[in-house]
Amino acid sequence: MTEQNGTAEQIVLRPARPEEIPALLALWARAAKGTSITDDEAGVAALLARDPQCLIVATAADAPATPLGTVIAGWDGWRCHLYRLAVDPDHRRRGIGAALLAAAEERFAALGGRRADAMVLDDNALGHRTWQAAGYHPEPQWTRWVKPLAGGAS
């Protein structure tokens, strides 16, 4: 995808590959707050099968097999949705999250998207600061409504 040079280490951004799903799930377990019913190998594999470009991974240029961060930039043909912005705790404050968001926004612009929304847990203070610094803001008039389907949990 792209190389970012504004950090202490050279970062490569690229689409996720199916063979690295276990490493991505391990990163999310370390770096992301909360889990979802789709945070499993089958869920991520289905995501990549449907849209192979939507899960953006950041790696160090000299260690391309080790994910340092991710963001899911989902496009449904109408709206732009951001999920699983996560950066390894040992690599935070180096611009990786900002680079991932910039890549997601570039993807959305290329697809014709006009507004992006992000799912952020209410009690994720670090996440709130990250999203706010990137120019995002909560819309208090909206509440997420969910219903688990066919055997899923919330």
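Residues numbered from 1 in each chain as written. Predicted model: local features only at pLDDT ≥ 70, side-chain atom pairs only at ≥ 80, totals over all residues. Heavy atoms only, no water.

A. Looking closely at unusual backbone geometry. Positive phi is not limited to glycine here, since R84 has a value of about 50°. Mapped onto the elements, R84 comes out in strand β5 (residues 80–87). For R84, a relative accessible area of 16% gives the class buried. One non-glycine residue, R93, lies in positive phi territory at about 65°. As for its position among the elements, R93 is in the loop between β5 and α3 (96–111). Residue class for R93 comes out exposed when judged on its relative accessible area of 85%. (Helix = DSSP H or I, 4+ residues; strand = E, 2+ residues; numbered from the N terminus. Buried < 20%, exposed > 50% of the residue type's maximum accessible area, 1.4 Å probe, protein only.)

B. Representation of the pairing of β5. Burial within β5 is extensive, with six of its eight residues counted as buried. As judged from the six bridges shared by strand β4 (residues 63–75) and β5, these two strands associate in the antiparallel manner. When the sheet's bridge partners are listed, G69 is paired in β5 with V87. Hairpin connection from β4 to β5: four residues lie between these consecutive antiparallel strands, with G77 at a positive phi of about 95°. Each parallel crossover has a hand, and the one from β5 via α3 to strand β6 (residues 116–118) is right-handed. (Pairing = 2+ DSSP bridges. Right-handed = clockwise from strand over helix to strand, strands pointing away.)

C. Broad picture of the state of the cysteines. Following the criterion strictly, the structure yields zero disulfides and no others. Counting only cysteine sulfurs, C80 is the nearest neighbor of C54, a cysteine outside any disulfide, at a range of 13 Å. Of the residues examined, C54 reaches a relative accessible area of 1% and is grouped as buried. Given a relative accessible area of 1%, C80 falls into the buried group. (Disulfide = S-S within 2.5 Å.)

D. Highlighting the environment of C80. Examined against the element boundaries, C80 turns out to sit in strand β5. Expressed as a C-alpha distance, the spacing of C80 and E105, which sit 25 residues apart in the sequence, is 8.8 Å. Residue contacts for C80: discarding those within four places in its chain leaves G74, W75, F108, G113, R114, R115, A116 and D117. (Contact = heavy atoms within 4.5 Å.)

E. Expanded view of the side chain of D88. Locating D88 in the fold gives a position in the loop between β5 and α3. D88 sits in the buried class, given a relative accessible area of 9%. Within the local environment of D88, its side chain forms a polar contact with the side chain of R30, the two groups lying 2.8 Å apart. Those residues in contact with D88 that lie beyond four places of it in its chain are L27, R30, A31 and L68. (Polar contact = N/O pair within 3.5 Å; in protein donor to acceptor, adjacent residues only side chain to side chain.)

F. Examining the pattern of salt bridges more closely. Tallied over the entire structure, the rule returns five salt bridges. E20 is paired through a salt bridge with R14; the nearest N and O atoms lie 2.7 Å apart. Of the two residues, E20 and R14, both sit in the buried class. In this structure, R84 and D39 form a salt bridge, with 2.4 Å as the shortest nitrogen-oxygen distance. With R84 in strand β5 and D39 in the loop between α1 (21–31) and α2 (41–50), this residue pair connects regions lying 45 residues apart in the sequence. The class of D39 is partly exposed, set by a relative accessible area of 22%. (Salt bridge = Lys/Arg side-chain N within 4 Å of Asp/Glu carboxyl O.)

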